[in-house]
Amino acid sequence: MQKDSFQEKQFEDELKTMPKVDLHCHMDGSIPIGTMRKMADHIGMELPEDEELIKRLQVSHDCRDLNEYLSCFDIPLSLLQASVNYREMAAGVLEEVKKENTAYIEQRFSPLSSFPYGLNYRDIIEDALEGMKEGIRKSGVQSTLIVCGMRHLPPEENIKMLRIAREYLGEGVAACDMAGSEADFPIMTQAAFFEEARKLDFPFTIHAGECGSPKSVADAIALGASRIGHGIAAYKDRDVMDLCRRKQIPLEFCPVSNLQSRAVPDISQYPFELFRREGLFVTVNTDNRTVSSTSLTDEFMLLHETYGISIGDCRELTEKALQAAFADDAIKHIVWKKIKGV
C-alpha cells in the first residue's frame, strides 16, 4: 500500500512539472483570491474573510445542476464593474497557472458580463489584453483570449460586442464562444451571432452538451463550431457521436466541473474512455479553477485514478490540445518546444 501511495505521489509530481495546455478556462471562474482582493479594492467593495469567501466561491459537493453551479459566479461577476479589473483578472490567472507549469492557456471571458454596469466593450477587451500581455511577461505562460457572448442577452447585443472584438483578432484575441445557461437558452436562439462570426472569419467554439442534450451538440456543429465546449451529452446519441468522430471536432472535456454540475450522474458514466475508444477528438481542461477548486494536474489525476491513464497518455492529450488550439503557428511552435523539452 505504501508503495502504491508513493507511486501515485510520483505520478502527481510528474504531472505538475509536465508542460500542459488548457483550452477551456473561464477567467471569472478562475480568479485567485489575492487577485480578487485587488479587484475589490479598485471598486471599493468589501469581501468576506478568506474562509467565508472560498466557501461562497467554490461549488458544493451536493450541487444539483449547472444553474446551481453558475451561482458561484455571483461574487466574481460583481467585481467586474471597472475595466481595470479585467486587466487584473487576466494577469492573475496566468500567475496562478504558472504554478503547475501550464505552457499555454486560452482564457475565455465575456465583455458582456459588465453589461449591467454600462462599461465600454472596447475598454474591457483592451484592458483584458493588457493584463494578459503583462501576465505573459511575468509568468512566461503563453496565452490568448476567447471572447464569449451570453445566451440570455439579445443576439444584437452579442453581435455588437463581436464586431468590436473582431478588431483584435490575431492581436491576442483568438476566437469567440457563447456562454450561459444551456438548458434555459438553446444555442439556436443565437444563430445570428455565429452567422456574423462566419462572415467576419472569426473562429468559434460553442458550449454544448453540458446539460444532457445531445441535440445541442449537433446544433453547435450545424452552426459551424470549430470545437465544442464539453460535448459530454453526445454519448447519449450514437448518430451525434459518429458526427463528432467523422468531423474530428475537438471536445473540450472538463472532468471535475462536469461531475460537479451533474453533466453525468457519476464518474462511472463519464464518456472519456468511450470517446477515446471510439476515435473522437478529446482534450482535457479545467473550466473554472477557483469555482471547481481544480487544476490540470487534478483533472489528469482524476482520469488516472478512474481509467488508469499514464503519463504518456497525458502527454498525448496535451499534444492533441495544442493541435486544437486557436493560437497562431508562432505561439504553437513556442509551446511545442516546451512540451517536447527542446
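Up top you'll find the structure we're talking about.
Residues numbered from 1 in each chain as written. Predicted model: local features only at pLDDT ≥ 70, side-chain atom pairs only at ≥ 80, totals over all residues. Heavy atoms only, no water.

*Asks:* Got a minute to help me understand the packing of aromatic side chains in this structure?
*Replies:* Any pair of aromatic rings gets described here by the distance separating the centres and the angle formed by the planes. Evaluation of the coordinates by the stated rule reveals seven aromatic pairs. Members of the aromatic cluster, joined through ring pairs, are Phe193, Phe194 and Phe204. The ring of phenylalanine 281 has lysine 320 lying over it, and the distance from NZ or CZ to the ring centre is 4.1 Å. (Phe/Tyr/Trp six-rings, centres within 6.5 Å; stacked < 30°, edge-to-face > 60°. Lys NZ or Arg CZ within 6 Å of the ring centre and 35° of its normal.)

*Asks:* Looking at this model, I keep getting lost on the sheet that holds strand β7 (residues 251-253). Mind explaining?
*Replies:* Strands in a sheet are paired, the pairing made by backbone hydrogen bonds, and the direction either parallel or antiparallel. Pairing is parallel in the open sheet, where four strands are placed in the order β5-β6-β7-β8. Looking along the sheet, the strands with just one partner apiece sit at the ends: β5 (205-208) and β8 (282-284). Taken over all neighbouring pairs, the strand axes of this sheet differ in orientation by 30° on average, direction set aside. Note: β7 against β8, three bridges, orientation parallel. Across the sheet, the residue bridging to leucine 251 is valine 282, located in β8. In the packing of helix α10 (residues 214-222) onto the sheet, contacts are made with β5 and β6 (227-230), and the angle to β5 comes to roughly 165°. In the packing of helix α15 (residues 311-324) onto the sheet, the strands contacted are β6 and β8, and the crossing angle to β8 comes to about 105°. (Pairing = 2+ DSSP bridges. Helix = DSSP H or I, 4+ residues; strand = E, 2+ residues; numbered from the N terminus. Axes fitted to C-alpha atoms, helices over the stretch in contact; angles between N-to-C directions. Contact = heavy atoms within 4.5 Å.)

*Asks:* I would appreciate a short explanation of the pairing of strand β2 (residues 102-109) in the present structure.
*Replies:* Successive residues of a regular strand alternate their side chains across the two faces of the sheet. For β2, the buried fraction is high: eight of the eight residues fall into the buried class. Pairing between strand β1 (residues 20-26) and β2: five bridges, direction parallel. Residue valine 21 lies in a different strand from β2, and its bridge partner there is tyrosine 104. The sheet contact formed by β2 and strand β3 (residues 142-150) spans six bridges and is parallel. Bridge pairing in β3 places phenylalanine 109 opposite valine 147. Where the polypeptide runs from β2 across helix α7 (residues 121-139) and back to β3, its parallel neighbour, the crossover connection is right-handed. (Buried < 20%, exposed > 50% of the residue type's maximum accessible area, 1.4 Å probe, protein only. Right-handed = clockwise from strand over helix to strand, strands pointing away.)

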